Amino acid sequence: MHEYDPIHLFERAAHRWSDRPALRVEGRTITYRELDAWSNAIAERLVDRCPDAQRVAFTAEKRANSYAAVLGILKAGMAYVPLPPDGPRARWQSMVDQAGVKFTVGAVDLPGLEAIAADEGAASRSTRNASGQEAYVLFTSGSTGGPKGVSVSRANVAAYLEHQLSAHAFSENDRFSQFFALTFDLSVHDLFVCWSVGGCLCVPAANDLMRASTFAREEGITVWFSVPSLVLLMQRMRALPANALPNVRLAFFCGEPLTWPIVRAFGAAAPDAELFNLYGPTEATIAITSFWISSASLQQEGVVPIGTPFRHARVRVIDDELQLSGTQLAAGYVGNADATDRAFLVDPSTGDRWYRTGDQVREGADGNLHFVSRIDDQVKIMGHRVEPAEVDAALASLMPNGHSLTLAKRTGDSVRLYTFIDTVADHLALMHELRRTLPAYMLPERIITVEVMPMTAHGKLDRKALLALIEHG
Amino acid sequence: MDRTELLKRLRERLVARAERLGLQADELDGPLDLVRSGLLDSLGFVDLITELEQELGCEVDLAAAFDKPGATTLDGVIDLFLKP
């Protein structure tokens with residue numbers, strides 16, 4: 001087994017720091033001993049009830065059960081599939097079907113699934129199964145239909161942890177933020193970096209993202225990790241005055257382009273913090289490049305570089321597109337060999353696998369990579385990857401005689417979607433249907449009917465002309 | 001300004017967005033969570049408060065408002081302005 005296997009590291013910490021707090025959630029403090037026992041009980045139930053299950057789902061609420069479920073599922077040698085708490089159920093169904101899930105920890109309201117209890121309990125025997133290969137399946141937006149599930153292995157996570165634990169001096173006295181949804185792979189950093197070093201993972205309640213600054217002070221957060229948008233939100237809420245986050249000593253940002261003004265605002269609120277900009281798609285496990293933000297470099301504008309690759313990562317830039325290789329590279333998309341083949345290339349001369357990120361980058365003279373833009377239409381909305389075409393795929397079955405085109409438009413700091421249709425339809429009814437299949441962040445701001453889709457002189461859809469319609473009501 | 005008037009102004013502001021949820025304007029009532037429902041994203045919610053502050057010529061303690069549950073409902077927004 002890999003020395004940095006996430007369960008191996010958790011169990012080592014649980015043994016060494018058994019009476020220290022591992023988890024603060026729902027107003028409770030749970031020690032390493034308690035969390036270890038709880039997850040052992042879940043693992044034992046899984047091995048007793050469904051020994052052949054490979055993937056197990058749960059509703060990824062920010063509750064103690066969910067954290068015990070992650071550990072329990074992994075201890076049983078299975079992979080976890082977190083379902084977004086807000087649904088919609090049609091999306092859950094697509095995820096469960098694609099991943100071939102038959103069992104859940106805690107009840108999930110879908111037909112044909114069998115629930116294993118998530119309750120606390122004591123295991124009668126050790127059920128640790130180190131032979132599990134896959135750690136989790138997380139879903140991202142897909143341009144050709146529903147969500148795509150990325151299969152990430154325990155060895156991938158181990159490679160990530162090996163880099164992070166060597167690059168930074170975390171300690172058992174650290175208190176880690178857990179802002180990221182468990183459906184988002186950046187949460188894997190929160191959980192397993194924290195639990196590798198004996199730290200305490202501090203989980204905000206659902207509405208606490210709106211009071212992140214207060215939450216961080218109350219919990220004495222020392223290691224911060226969030227999307228840049230969260231800092232922007234705090235700033236807009238006037239919740240980020242100078243020295244507002246005095247305990248933070250390490251801060252990581254990932255998931256979206258980080259701008260220098262956001263860095264300055266955070267730096268003033270957390271004057272003792274060392275700041276890092278991380279970059280990486282789910283397909284390359286959490287993050288794979290890092291840029292250390294020196295306090296001497298703060299007076300800049302524009303976007304912060306994404307830095308240099310982690311120790312086990314290799315990068316190359318082909319036709320301006322960033323490609324990634326190394327031990328953090330995921331196996332591919334579950335049940336979708338076509339999408340896997342398109343995104344993961346095999347170099348015929350070396351046999352190495354390379355992931356095409358779709359991110360256009362520039363290599364700076366100082367050796368740092370700089371994010372420039374996407375080479376496709378994908379956008380980030382509060383850190384979520386969104387393929388606008390997924391909205392059109394959802395609409396296609398609702399409007400058999402019409403076409404739709406969903407475009408992203410940036411206004412100030414926010415990116416929003418607008419859907420143009422060339423047929424007369426009841427917009428309310430369409431939106432109602434979209435809500436059944438898409439998460440809230442993927443819903444278009446508006447649906448706009450056009451008589452004919454405008455074309456450019458080259459016979460392509462005229463996106464500029466469509467976006468201009470938004471301004472005119 | 002009283003509660004009824006503030007609710008009316010809020011609805012006026014949000015009616016164009018109700019379409020996003022497939023809702024009629026009168027379905028935007030007090031307990032609906034504006035953010036969790038997808039009506040607004042969290043930045044959009046803060047923008048709404050900022051616009052109201054400008055319109056009403058006052059400043060609310062937005063950060064503290066979220067110490068109470070229900071801050072992102074229509075009722076919560078009204079309380080924010082009427083019960084400082």
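Residues numbered from 1 in each chain as written. Chains lettered and ligands numbered in written order. Predicted model: local features only at pLDDT ≥ 70, side-chain atom pairs only at ≥ 80, totals over all residues. Heavy atoms only, no water.

Trainee: Any details on the pairing of strand β3 (residues 55-59) of chain A? Residues and values, ideally.
Mentor: Residues and elements named next belong to chain A. Within β3, five of the five residues are buried, leaving the element largely enclosed by the surrounding structure. Where burial is concerned, the two faces of β3 agree: the one with Arg-55, Ala-57 and Thr-59 and the one with Val-56 and Phe-58 are both buried. With five bridges connecting them, β3 and strand β4 (residues 79-83) associate as parallel partners. Note that in β4 the partner of Phe-58 across the bridge is Pro-82. With helix α3 (residues 64-75) bridging β3 and its parallel neighbour β4, the resulting β-α-β unit is right-handed. Relative to strand β5 (residues 103-105), β3 is paired through two bridges, and the arrangement is parallel. Counted as the bridge partner of Val-56 is Phe-103 from β5. (Buried < 20%, exposed > 50% of the residue type's maximum accessible area, 1.4 Å probe, protein only. Helix = DSSP H or I, 4+ residues; strand = E, 2+ residues; numbered from the N terminus. Pairing = 2+ DSSP bridges. Right-handed = clockwise from strand over helix to strand, strands pointing away.)

Trainee: Describe the interface of chain A and chain B, listing the residues and the values that go with them.
Mentor: Between chain A and chain B, the contact holds 27 residues from the first and 26 residues from the second. In total, about 2500 Å² of surface goes out of reach between chain A and chain B, with carbon and sulfur atoms giving 51% of it. Along the contact surface separating chain A from chain B lie four salt bridges. Between Glu53(B) and Arg238(A) there is a salt bridge, with its nearest N and O atoms 2.7 Å apart. Between the two partners, chain A and chain B, sit four residue pairs in polar contact (both at pLDDT 80 or more). Sorting the residues of the side of chain A that touches chain B by element identifies α8 (228-236), β25 (414-421), α12 (427-437) and β26 (446-449) of chain A as the ones contributing at least two each. (Contact = heavy atoms within 4.5 Å. Buried area = accessible area lost by both parts, 1.4 Å probe. Salt bridge = Lys/Arg side-chain N within 4 Å of Asp/Glu carboxyl O. Polar contact = N/O pair within 3.5 Å; in protein donor to acceptor, adjacent residues only side chain to side chain.)

Honestly, that's just the spatial picture; any functional story needs more than this.
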